[in-house]
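These are the residues of each chain, in order.
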Amino acid sequence: MSEADVENGDHVGLLAQKPNPGLKFDKKLSETERSTREIKFNLNPGRSKLHTRSISQSSTDSYSSPSYTGSSSDEDEVNPRDKNQKNSKGSSDFCVKNIDNAAFGRREIEIAEQEMPGLMALRRRAENDKPLSGAKIIGCTHITAQTAVLVETLASLGASVRWAACNIYSTQNEVAAALAEAGFSIYAWKGETEEDFWWCIDKCINSEGWQPNMILDDGGDATHLMLKRYPAMFNMIKGIVEESVTGVHRLYQLSKSGKLTVPAMNVNDSVTKTKFDNLYSCRESILDALKRTTDVMFGGKQIIICGYGEVGKGCASALKGLGCNVMVSEIDPICALQACMDGFRVTRLEEVVKNIDILITCSGNKNVVTRNHMDKMKTGCIVCNMGHSNTEIDVGSLRTPDLTWEKVRSQVDHIIWPDGKRIILLAEGRLVNLSCSSVPSFVVSITSATQALALIELYNAPQGRYKQDVYLLPKKMDEYVASLHLPTFDAHLTELSDEQAKYLGLNKTGPFKPNYYRY
């Protein structure tokens, strides 16, 4: 990652634009009406078309988040960095959209707790032992109600945390406010600019009198910023926990180049993350995101999924179940064969791009969808990304004078070609489910419990157990996370007899599968 990448945040996207003064909402509308109301018609004589503009306003629209924000459009124009806010305890060590919305965020956190039984069980079992006592954790993840449950769990286990967002669109403002009100140092709001994004992470890392010793990352931004700007501080880290494909890839790159000077845990490839978060969560959230943003009818649609990993499998399964004609593009012959055996046509994007209705990327790669592809798409084609990074769709190639960007609603833009053709781009190519909808709390409970256990393992590991490399979560911990969630389904495990355990060569309490086993 170059210095320019860190300073300018090129991989995050172009700077978010300020709202167009001509786009106004009626403040007398109810919250529900305001969140669903589209931009008003210009009533000037001789003009009756919708306002358009060259750059999307999506990053500054917080009122149409899937959660309550309760802020006026005038207030939304004020950058939180320019506000002087304090919580009820007098602390100002945070930067959120509006601290006054904390009560609404607290209610959302309470709802999430009910759907996160495994993480709450871990909190109850370990809070007396305080296994993270003395841990100072930098968190850089999506900030949602589910994340808040993880943050408060880590604090209950003894940790001190500072938290920033890994995505400029996915923060739930009222949840960030609730965490700030509870005394946590939260630096995040929905609709950050690139400069804001890096400023927030830096404020979490570089705090006077606070030396971090653990990192919980989603995408690798906190890891790389600390390594670049604060190398001495980075060398004092006891461990890194990373949960995304993109972040894990960057960790392996650091390891290969000899720049990874601390142990790291690859949570993304643990069974409980890959199978449950990537597969089952995406299977539900892709439908939610597409429905909320476009109200699209799925039956009969021609859809291509770019990438057939666990995320791709989940998306393809859900859309097939609703009557879509789903195709898959893949580079890996094994994944391609799986797609074929699951009943999907495997093809190249170039061969079908003229006829598709919806395109979804989930490969973890860059420039999977180029300007050349989008030039050939038919009008009305929906383009979105389910991968972590915003590099899969070449959105930068669409910011040219010959194309017009027209805002439809929050996170939804028409990109209009000179001949009148228009495609629908969701979340400006960023993660569509967390930017435009939400994910199931139960699945996040599984991932969050995995993250918490990885932090506990790295923090308490004796010196020498983990070297300066990237490790997978021990199989025993994966099984423990799964066992925490089984009571919700009233599931009862069968126990091995001594004779059976001896026959299989297993311990009666696990682990039950070798590390090379593929679930």
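Thresholds, definitions, all that
- Residue positions are given per chain, counted from 1 along the sequence in the order it is written.
- The predicted nature of this model means local features are confined to residues of pLDDT at least 70 and side-chain atom pairs, given and counted, to a pLDDT of 80 or more, with totals for whole chains, interfaces and linings taken over all residues.
- To get the side-chain values, all heavy atoms of the structure are used, and hydrogens and water are removed first.
- UniProt positions are given in the numbering used here, feature names are shortened, and annotations may be inferred rather than shown by experiment.
- Elements are defined by DSSP. Helices are runs of H or I of four residues or more, strands are runs of E of two residues or more, and each kind is numbered from the N terminus.
- Working definition: with a 1.4 Å probe on protein chains only, accessible area under 20% of the residue-type maximum means buried, over 50% means exposed, and in between means partly exposed.
- Contact criterion: two residues are considered in contact whenever any of their non-hydrogen atoms come within 4.5 Å of each other.
- For accessible areas, the Shrake-Rupley method is used with a probe of radius 1.4 Å. Any residue's cover is judged against the shown protein chains and nothing else.
- For two strands to pair, DSSP has to find at least two bridges joining them.
- Every axis corresponds to a line fitted to the C-alpha atoms, with the helix fit spanning only the stretch in contact, and the corresponding angles, defined between N-to-C directions, vary from 0 to 180 degrees.
- Any Lys or Arg side-chain nitrogen found within 4 Å of a carboxyl oxygen on Asp or Glu counts as a salt bridge.
- The term polar contact refers here to a pair of N or O atoms within 3.5 Å; inside protein, the definition further demands a hydrogen-donor-capable atom paired with an acceptor-capable atom, and it admits residues adjacent in sequence only when both atoms are side-chain atoms.
- Residues belong to a common nonpolar core when they are buried Ala, Val, Leu, Ile, Met, Phe, Trp, Tyr or Cys residues joined through side-chain atoms within 4.5 Å.
- Seen with its strands pointing away from the viewer, a crossover is right-handed if its path from the first strand over the helix to the second goes clockwise.

With an unreviewed UniProt entry as reference, the chain is termed Adenosylhomocysteinase, source organism Crassostrea virginica. Within the UniProt record for the chain, the comment given under Catalytic activity (unreviewed entry) is "S-adenosyl-L-homocysteine + H2O = L-homocysteine + adenosine". Recorded in UniProt under Sequence similarities (unreviewed entry), the annotation for the chain is "Belongs to the adenosylhomocysteinase family."

Engineer: How do you make sense of the overall build of the chain when you look at a structure like this?
Structural biologist: Counting its regular elements, the chain contains 20 helices and 15 strands. The burial tally for the chain puts 56% of its 519 residues in the buried class. For the chain, the share of sequence-separated contacts (at least 6 apart) that also reach a separation of at least 24 residues comes to 71%. Counting only carbon and sulfur atoms, one obtains 51% of the accessible surface of the chain, whose full area is about 22,800 Å².

Engineer: Sorry, what's going on with the sheet that holds strand β12 (residues 404-409) here?
Structural biologist: Through backbone hydrogen bonds, the strands of a sheet pair up, either in parallel or in antiparallel fashion. Within the open sheet, the 8 strands sit side by side as β9-β8-β7-β10-β11-β14-β13-β12. Their pairing is mixed. Lying at the two open borders of the sheet, with one neighbouring strand each, are β9 (345-346) and β12. Relative to strand β10 (residues 358-361), strand β7 (residues 302-306) runs parallel, the two sharing 4 bridges. When the sheet's bridge partners are listed, Ile303 is paired in β10 with Ile358. With respect to the sheet, helix α12 (residues 271-294) is in contact with β10, β11 (382-385), β12, β13 (412-416) and β14 (422-426), its orientation differing from that of β14 by roughly 125°. Packing of helix α13 (residues 310-321) onto the sheet brings it into contact with β7, β8 (325-329) and β10, and relative to β7 it is tilted by some 170°.

Engineer: In this structure, what is going on with the pattern of salt bridges? I would like to understand it.
Structural biologist: Side chains carrying opposite charge are able to pair once their charged atoms draw close together. For the coordinates displayed, the defined rule picks out 17 salt bridges. One salt bridge connects Glu406 with Arg422, and the closest N-O pair in it is separated by 3.0 Å. Taken together, the residues Glu406 in strand β12 and Arg422 in strand β14 connect sequence positions 16 residues apart. Among the residues examined, Glu406 registers a relative accessible area of 10% and is labelled buried. Under the relative-accessibility criterion, Arg422 is labelled partly exposed at 27%. Two residues, Glu428 and Arg430, come together in a salt bridge whose shortest N-O distance is 3.9 Å. Note on Arg430: relative accessible area 5%, which makes it buried. Residues joined by salt bridges that share partners form a network here, namely Arg81, Glu195 and Asp196.

Engineer: What's the story with the pairing of β12 in this structure? I'm lost.
Structural biologist: Remark: a regular strand shows side chains that alternate across the two faces of the sheet. Alignment of β12 against β13, held across 5 bridges, turns out to be antiparallel. Bridge assignment links Lys407 to a residue of β13, and that residue is Asp413. Hairpin remark: β12 followed by β13, antiparallel, with 2 residues in the connecting loop; positive phi at Gln411, about 70°.

Engineer: Hey, could you run me through the UniProt feature "binding site: NAD(+)" (unreviewed entry) in the chain in this one?
Structural biologist: Those residues carrying the UniProt feature "binding site: NAD(+)" (unreviewed entry) are Gly309, Glu310, Val311, Gly312, Lys313, Gly314, Glu330 and Asn433 in this numbering. Leaving out residues up to four positions away in the same chain, Lys313 has contacts with Leu279, Tyr308 and Gln338. The residue Asn433 is located in helix α17 (residues 432-436) in this model. The exposure class of Asn433 is buried, given its relative accessible area of 4%. Sequence-distant contacts of Asn433, that is, excluding residues within four places in its chain, are made with Cys282, Ser285, Ala289, Met386, Ser438 and Val439.

Engineer: Help me out: how do you make sense of the side chain of His414 in this one?
Structural biologist: Relative to the helices and strands, His414 resides in strand β13. Overall, the relative accessible area of 16% leaves His414 in the buried class. Side-chain polar atoms of His414 contact the side chain of Arg422, separated by 3.0 Å. For His414, the residues in contact, after removing those within four places along its chain, are Thr404, Trp405, Glu406, Val408, Arg422, Ile423 and Ile424.

Engineer: Even after reading the chapter, I still don't get the nonpolar core, so can you show me in this structure?
Structural biologist: Side chains that are nonpolar tend, in soluble globular proteins, to be buried together. Core analysis: the largest hydrophobic core is formed by 61 residues, its most contacted members being Leu132, Ile137 and Leu154. Contributing elements (two or more residues each) for this core: α4 (102-114), α5 (117-126), α6 (145-156), β2 (160-165), α7 (173-181), β4 (214-217), α18 (441-460) and α19 (475-485). Per-element tally for this core: the top contributor is α18, with 11 residues. Once residues within four sequence positions are removed from consideration, Leu154 is found in contact with Leu132, Ile137, Ala159, Val161, Trp163, Ala452 and Leu455.

Engineer: Is there a simple way to think about the pairing of β2 in this case?
Structural biologist: Taking burial as the measure, the 6 residues of β2 include 5 buried ones, the bulk of the element. Of the strand pairs in this sheet, strand β1 (residues 136-141) and β2 are connected by 6 bridges, and their pairing is parallel. Bridge pairing in β2 places Ile137 opposite Val161. When β2 meets strand β3 (residues 185-187), the two strands line up parallel, connected through 3 bridges. Residue pairing for β3: Arg162 is matched across the bridge by Ser185. Each parallel crossover has a hand, and for β2 linked through α7 to β3 it is right-handed.

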